[in-house]
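# Commentary on secondary and tertiary structure
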Amino acid sequence: MRMKGRFRKRFWRYLSAEIAIEYKACLYAFCMTVFYCIYQLAGGVFYARILYLCEMYVSAYLMGYFQVYVLKNFDEAEKLGIREAVSILGCTAAYTAVSAVCGWFDGNLRVTGYFGGFLILCYLCVFIINKLKREIDTDKLNSMLVRFKQEECKWSEGEGKELWEQKKQ
Amino acid sequence: MKLTLIPITQGEEEVIIRYREMNSQVHAVIDMIQGAERKIRAVWNEQVIFLRPEEVYYFENVDGVTFAYLKEKVARVGISLRDLAFSYEKRGFFRCSKSMVINIRKISYLKSEPGNRIRATMENGEQVMISRKYAKELRNILRGGEDEDER
């Protein structure tokens, strides 16, 4: 029974990490696709190479594993410290290197540089969005807490006293 | 529900509930009246004391012994966390980790943390981290209050 419980716990932990990786892979693959599509459109090309798109998705998945298991989900961190900044630069450098090796931007170094800048911007946006999401959640939690306490108070002594005072008047 | 309060100068205080059917509201009133007298037996400074659940910030299990943390003292309680969470669930107590049961009414601030965790700051300034598993349950409890409010 204990073994079963432990296995279940491990399985859920694994599943939750996989979901986080899936989410990150989709998010960053979409960002790269957007940049690639803009690059193609700017060059007057109205198609995208499936091979390049596949390379982007595979690299986003691999980077997702790296972000979750090694870099401790830095884009969901509480504050942007040195560790997070280094992680952002490291991941951006890795993506940029893959783009250069695979020739996504036809060996154009300037565009590859823009791609790196765009990815840094994406990471910062994701970080800010996650932070805002948590702040909104915090507000919601505290309003629920206040409401819960008010509900509880209705049955406490205080309310009885208030009612008694009202009755007397 | 009609409420009549009659002040008395002598004799024992008494509550009489006249109800047509036993519904959740009547149950809540009964629980509140009965519960108010249900104190927790604890040991503090080698003395046996009785604690009102409302004054407890949280219960913690340390090496198999349960402690009740109050504003300025810590008392030993001879009840397991499981029983405490079960008995005082309706009075705002919630199992927030394997070794802790907190009083939601003594939480002053909640903060959403990365990984769907929640950091609870108690009225005495202590902070308790609630893991994703238990955070979900806390949200459900708090939402329960919201649902009742909407009704």
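Source: prediction; values computed, not measured.

Residues with a pLDDT of 70 or more make up 88% of chain A, whose mean pLDDT is 88. Here helix α5 (residues 157-168) of chain A stands out as the element of chain A with the lowest mean pLDDT, 48, in contrast to helix α3 (residues 82-102) of chain A, whose mean of 96 is the highest.

With that settled, the discussion passes to the sheet that holds strand β9 (residues 117-122) of chain B. Residues and elements named next belong to chain B. Taking strand neighbours across the sheet as the criterion, the three strands line up as β8-β9-β10 in an open arrangement whose pairing is antiparallel. In this open sheet, the two strands that pair with only one neighbour each are β8 (107-113) and β10 (127-130). Each adjacent strand pair in this sheet contributes to an overall mean axis angle of 20°, direction not counted. Of the pairings in the sheet, the one linking β8 to β9 comprises six bridges and is antiparallel in character. Across the sheet, residue Ile107 finds its bridge partner in β9, namely Met122.

Within soluble globular proteins, side chains that are nonpolar generally end up buried alongside one another. The biggest cluster of nonpolar side chains holds 30 residues, and the ones touching the most others in it are Ala68, Val101 and Ile102 of chain B. The greatest single-element share of this core, amounting to four residues, is contributed by helix α4 (residues 109-153) of chain A. Once residues lying within four places of it in the same chain are set aside, the contact partners of Val101 of chain B are Tyr58, Phe59, Leu81, Leu84, Ala85, Phe93, Phe94, Arg95 and Cys96 of chain B. The next biggest cluster of nonpolar side chains, apart from the first, holds 21 residues, and it includes Ile21, Met32, Cys91 and Tyr123 of chain A.

What follows is about α3 of chain A. Since there are 3.6 residues in each turn of an α-helix, residues three or four apart along the chain are aligned in direction. Residue and element names in this part refer to chain A. The end-to-end C-alpha separation of α3 is 30 Å, in line with the 30 Å expected for 21 residues at 1.5 Å each. Turning to α3, its buried residues number three or more, namely Glu84, Ser87, Ile88, Cys91, Tyr95, Thr96 and Ser99. The buried residues of α3 occupy an angular sector of 160° when the element is viewed end-on, so they sit on one face. For α3, the exposed residues set more than 90 degrees away from the buried face come down to Ile82, Arg83, Val86, Ala93 and Val101. Gly103 sits one or two residues past α3 and shows a positive phi near 70°.

The rules behind these values
Residues numbered from 1 in each chain as written. Chains lettered and ligands numbered in written order. Predicted model: local features only at pLDDT ≥ 70, side-chain atom pairs only at ≥ 80, totals over all residues. pLDDT = per-residue confidence, 0-100. Helix = DSSP H or I, 4+ residues; strand = E, 2+ residues; numbered from the N terminus. Pairing = 2+ DSSP bridges. Axes fitted to C-alpha atoms, helices over the stretch in contact; angles between N-to-C directions. Core = buried A, V, L, I, M, F, W, Y, C linked by C-beta atoms within 7 Å. Buried ≥ 20, exposed ≤ 12 C-beta atoms within 10 Å, placed from the backbone. Contact = placed C-beta atoms within 7 Å. Expected span 1.5 Å × (residues − 1). Arc of directions from axis to C-beta.

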